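# Fold and contact review
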Amino acid sequence: MLASTLRHVFLALCILPGAISFKPHDFKTCSQSGFCRRGRGLAERAQAADKWVSPYSVDSGSLVFSPGKDSVKATVKSSLYPHINFELELRVHEDGVVRVRMDEVNGLRKRYDEAASWSLVGEPKLSKTVQWVHEKGQIRGLIGEIKDLEALISFSPLRVALIRNGREEVVLNGQGLLHMEHFRQKTFPVAEETESGEDAEPIAGDQTVLAAAGPDTRWFEGEREDAYWEEQFGSWTDSKPKGPESFSIDINFPSHGHVYGIPQHATRLALPSTAGEEPTYSDPYRLFNADVFEYLASSPVSLYGSIPLMHAHSAESTIAVLNLVGSETWIDIQYPSESSTNTHWISESGIIDIFLLPGPTASDVFQQYARLTGTPALPAEWSLGYHQCRWNYVDSNDVRDVQKRFDEEDMPLEVLWLDIEYSKDHKYFIWDEKSFPDPVEMVQDVEAIGRKMVVIVDPHLKRTNDYPVYKKASELQVLVKPASGEGEYEGWCWSGSSSWVDFFNPASWPWWQSLFKIEGDSDEWHWSKSTEGVFIWNDMNEPSVFNGPEISMPRDNIHYGGWEHRDVHNINGMLFQNQTSKALLARSTPAKRPFVLTRSFFAGSQRFGAMWTGDNMGTWEHMAIGVPMVLSNGIAGMTFSGADVGGFFGNPDPEMLVRWYQVGIFAPFFRAHAHIDTKRREPYLLEEPHKSIVRKFLKLRYAMLPVWYTAFREASVTGVPILRPQYVVLPKDKNGFAIDDQYYIGKGLLVKPVVAPGVSQISVYLGEDQVYYNYFDHQVYRGSAHGSNVSVPAALDQIPLLRRGGSIIATKERPRRSSPLMKNDPFTLTIALSNTGYAEGELYLDAGDDFSYQSGEIVWRRFTAEVFKSAKALSIRNADMVPGHQNDAVDGVSLTNYDRENAFARSIKDVRVERIALLGLPWKPKGVKSQAGVELDWTYAAGVASTGTKEGTASVLVIKNPPVTITGTWAITIQE
């Protein structure tokens, strides 16, 4: 086993350019990308020109409205190429989203136009109430019941604007940077006579169409054809058989001074500038899914996933744009003023398909995006626990030993992971029988304590006929083809000589799903040495190709339908995760919720599972940047995300590792992972006091699982992220627009992880006139209407975690070895009164791992606490939330036949509330009574009230063992 591992490591070091550290020369900059150079060059010429007018205009006589008046089409012409026709289409959706499409019509070839078919959950419903007003030189579409929103198309030059209450929110082509390179034949200049008097001969095999005289295009397109027909990068040549086909467009936000999103990049949440005066970065942000080892902690370099969604925010509104293109894209960002933002998007291929999401609130934007691309899947509850991973646990006994050590050290654990070394010669699905002779028994040992296992399955298949997965894929002809369009593309990855499944080919789908069947057709190979307790990790799906250009697949490779890889590169990884997720769904009857972790992602990937931020480093800088990266993923839909605790590379010291666990427990996806060359660093190996500190915070994660699961229900219905930045929660507080080192979890908790060494106190920003309470010692902190900073203890065994006044949080304070063992444990309710004496909260429960919730097998409760001055009392209530919310209780179905006595509710009917803690009560109680008038057991510690201006330790009323259940409808009264 050791010899095999060393061979693999040696292979990786030899053929993987980035294996030691980030090497910028392995990846293109804009100046090394032909189409990006062309797009940026156009912008530079526009900026330098005394007068610049876009050559694109709308033929006003070509306007055609749909029968329902929900969309309009028109012919677009470019004065540079009058013989080329483009079509502009503008559709208005039912929820006010405006879709702008532009494509070349009757060109020499067809542009890739299928990105939406992979990302969207369905064809959006169109508006039935839009009113069109045709004016001189323009047309307006009036949107909404009160017509406060309008879409404006100006004809000459072409310009599209989204306007709310007379204020331009988004403008397309306002700077005249729109350019859609049309398909053309390769031309040669008219041959000049040589010295011998003979005409120059064309190069053999090239088209010999002579350049024709026409309008001068140099002012717009530049002096020369820059990388139109071939492009070099390092030792690779991109043949570009279709010639130039990029498009670029400026998308500006005249009234919004902050933009966010377009993950994935290692940078701030509020995106720093790349253009204009003194830009933070010299290169644009790049969207090109890439396998980047040890990436920089501050950079616009593209990473593993790409979501072309950008939020723009001001104190007045939040809006967004989704530029749905699957090819490589570069984005320049410039801030011409404190209240405006200009962006320039440059894509290699595809059509223009831009969705303008009007908001006007962040919650509206999340819902609008979710209606387009889907909400995050409701995860299995167990997947919110702690995941322990390493490259690699060396054998089945190692796995058993790790589990045993966690139990001996009283540390909760949910999932054990296996990296690539479980598989013989990296032939995924095929166990290395020397190291893992009893895989089913090993998994069953893990499952016996309610735990699960995750096993890696990468997309590259070893090219050998003794590997049944590759052999069948080859027979089915579902592998990606080389540029010739014939045979199978061969590249190198962990398996050595490899080929890649083309998941754009529908013929691959049923076959891939059949591989995961535990019991299947005896004539076809399937993964019989597995169990329903094994879930999947899809890595390397950018795709990563060790000997390919930019450690990826050549762009002129051919996918199903004849499309080049350049057209679909950023979509590729999403399809792999999609089909793996469907395979896990299909293997069980009744279906269980799948768990599939992906590294590569695109718009819509949130429907299929979780993601992580890739191969980070064990440094303070990487720990810090992981926080805004996870926030950015969340606002773009990928809310089930996290960074590897401890860093994939390196050996963090005990202080750093403790702090990293504190970051990890407050991320939706919580996994520790480490490189094969690192020292073993499972938390039980720490010395004291570090081991006990980590144990304490692992148990805190498990106590808070109801908080996480309740927040995921909301995300799965509305698209609102689990982790919420300041601008989302407090949208009018300008001081918070750029804050990304603290965030809210759901509605009631504010956390600021410590990401630097030697810290004992930390400043937390409170952006509202509200009271906050320290989660652990109930210290009161007060915000203000203009924002205030408060100092919070942050020694190594502390983390700044505050309860927001007005929240009620349900926890389980008896953490066990794994979450399934906690099903029938009692709850604790903690009520943090607001400065007006009110609080509310939710709790969502279901079976946790199946789909019975879709038929109403749920418990969804609403807790309230309210002071009634007239009665000199405070009432605490628990009520069923489903009545009145049948249409938005769970995603995708209406619970019209909901029964509060459903089977799941009955299964936990005896689960009680063992403790109620009330913080900030303004007076000492005279009595605490149940709804039946029975006096309850309680204690009271005097302290600071939620009202007023005092600081100090809050008053705490504790009600012990009240005679109430979590599923019951009840009230408790506290008398003044």
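Taking an unreviewed UniProt entry as the reference, the protein chain is identified by name as Glucosidase II subunit alpha belonging to Sistotremastrum suecicum HHB10207 ss-3. Of the protein chain, the UniProt comment under Subcellular location (unreviewed entry) reads exactly: "Endoplasmic reticulum".

This paragraph deals with the overall build of the protein chain. Scanning the protein chain for helices and strands turns up 16 helices and 53 strands. Expected size for 976 residues packed as a compact globule is a radius of gyration near 30 Å; at 29 Å, the protein chain falls within 12% of this value. Viewed in the frame of its principal axes, the protein chain has a C-alpha envelope of about 110 × 75 × 55 Å. Relative to all contacts within the protein chain whose residues are 6 or more apart in sequence, the contacts with residues 24 or more apart total 70%. For the protein chain, the computed accessible surface area is about 35600 Å², with 50% contributed by carbon and sulfur atoms. Considering the protein chain, the positive charge centre built from 97 side chains and the negative charge centre built from 123 side chains are found 7 Å apart.

Our focus in this paragraph is the packing of helix H13 (residues 690-703) against helix H14 (residues 705-718). Where H13 contacts H14, the two axes come as close as 4 Å, and the packing angle between them is 45°. If you check the angle between H13 and H14, you find them oblique. Residues Arg-701, Tyr-702 and Ala-703 of H13 touch H14, and the partners they reach there are Leu-705, Pro-706 and Trp-708. Within the contact of H13 with H14, the residues separate by chemical class into five nonpolar, no polar and one charged.

Attention now goes to the domain arrangement of the protein chain. Under the domain assignment, the protein chain is made up of domain 1 (30-182 + 247-372), domain 2 (382-458 + 512-538 + 569-724) and domain 3 (732-975). A C-alpha centroid distance of 41 Å is found between domain 1 and domain 3. In this complex, domain 1 contributes eight residues to the contact, which on the side of domain 3 involves six residues. Linking domain 1 with domain 3 are one salt bridge, by the criterion used here. The salt bridge partner of Arg-268 is Asp-740, with a shortest N-O separation of 2.7 Å. Taken together, the links from domain 1 to domain 3 amount to five residue pairs in polar contact (both at pLDDT 80 or more).

Note: disulfide means a covalent bond formed between the sulfur atoms of two cysteine side chains. Taken as a whole and judged by the stated rule, the model has one disulfide. Here Cys-30 connects covalently by a disulfide to Cys-36, the sulfurs 2.0 Å from one another. Measuring the twist about the S-S bond at about -100°, one finds the Cys-30-Cys-36 disulfide to be left-handed.

Moving on, we come to the packing of aromatic side chains. Applying the stated rule across the entire model yields 48 aromatic pairs. An angle of 70° between the planes, with centres 5.1 Å apart, marks the rings of Trp-52 and Trp-219 as edge-to-face. With a gap of 167 residues between them, Trp-52 in the loop between helix H2 (34-48) and strand S1 (56-58) and Trp-219 in helix H4 (residues 218-221) connect regions that are remote in the sequence. Here Trp-219 falls in the partly exposed class, since its relative accessible area comes to 36%. Seen from their ring centres, Trp-417 and Trp-537 are 5.3 Å apart, and the 70° between their planes marks the pair as edge-to-face. Pair noted here: Trp-417 is in strand S25 (residues 415-418) and Trp-537 is in strand S30 (residues 534-538), with a separation of 120 residues, a long-range link. An identical accessibility class is assigned to Trp-417 and Trp-537; each is buried. Feature note: the residues Tyr-422, Phe-429, Trp-431, Phe-436, Phe-503, Trp-511, Trp-512, Phe-516, Trp-525, Trp-527 and Phe-576 constitute an aromatic cluster, connected by ring pairs. Over the ring of Trp-417 we find Arg-671; its NZ or CZ atom is 4.7 Å from the centre of that ring.

Quick look at the sheet that holds strand S27 (residues 460-462) now. Strand order in this open sheet of three strands is S27-S29-S28, and the pairing throughout is antiparallel. Edge positions in the sheet fall to S27 and strand S28 (491-493), since each has one partner strand and no second. On average, each strand axis in the sheet is tilted by 60° relative to the strand beside it, whichever way the strands run. As defined by bridge partners, S27 adjoins strand S29 (residues 496-500) across three bridges and the pair is classed as antiparallel. Residue pairing across strands places Lys-462 opposite Ser-498, the latter belonging to S29.

Basis of the calculations
Per-chain numbering applies: the sequence of each chain, read as written, is numbered from 1 onward. A pLDDT threshold of at least 70 governs which residues receive local features in this predicted model, and a stricter bar of 80 or more applies before side-chain atom pairs are shown or counted, although totals over entire chains, interfaces and linings include all residues. As a convention, hydrogens and water are excluded, and side-chain values are obtained from all of the structure's heavy atoms. UniProt positions are given in the numbering used here, feature names are shortened, and annotations may be inferred rather than shown by experiment. Helix numbers and strand numbers start at the N terminus; a helix is a DSSP run of H or I with at least 4 residues, a strand a run of E with at least 2. We take the radius of gyration over the C-alpha atoms and set the globule estimate at 2.2 Å times the residue count to the 0.38 power. Whether two residues are in contact is decided by their heavy atoms, any of which lying within 4.5 Å being enough. Working definition of accessibility: Shrake-Rupley area with a 1.4 Å probe, residue cover restricted to the visible protein chains. The charged-residue count follows a simple rule in which Lys and Arg add positive charge and Asp and Glu add negative charge, with His and chain termini not counted at all. We put the charge of a Lys on NZ, of an Arg on CZ, of an Asp on CG and of a Glu on CD. Here the axes come from fitting lines to C-alpha atoms, over the contacting stretch only for helices, and the angles between their N-to-C directions go from 0 to 180 degrees. Angle categories: roughly parallel below 35 degrees, roughly antiparallel above 145, roughly perpendicular from 65 to 115, and oblique for all the rest. Residue classes follow a fixed rule: Ala, Val, Leu, Ile, Met, Phe, Trp, Tyr, Cys and Pro count as nonpolar, while Asp, Glu, Lys and Arg count as charged, and any other residue, Gly among them, counts as polar. Domain extents, as shown, originate in an automatic or database domain assignment. Just to be clear on terms, a salt bridge is a Lys or Arg side-chain nitrogen sitting within 4 Å of an Asp or Glu carboxyl oxygen. Residues adjacent in sequence count toward polar contacts only when both atoms are side-chain atoms; beyond that, a polar contact is any pair of N or O atoms within 3.5 Å, and within protein one must be able to donate a hydrogen and the other to accept it. Any cysteine sulfur atom paired with another within 2.5 Å is treated as part of a disulfide. Pairs were defined over the aromatic rings of Phe, Tyr and Trp, the Trp ring being its six-membered one, requiring ring centres within 6.5 Å. Orientation was assigned from the angle between planes: stacked under 30 degrees, edge-to-face over 60, tilted for the rest. Accessible area is worked out with a 1.4 Å probe on protein chains only. A residue is then buried under 20% of its type maximum, exposed over 50%, and partly exposed in between. Here, a charge over a ring is recorded when the distance from Lys NZ or Arg CZ to the ring centre is within 6 Å and its angle to the ring normal is within 35 degrees. Here, any two strands with at least 2 DSSP bridges between them count as paired.

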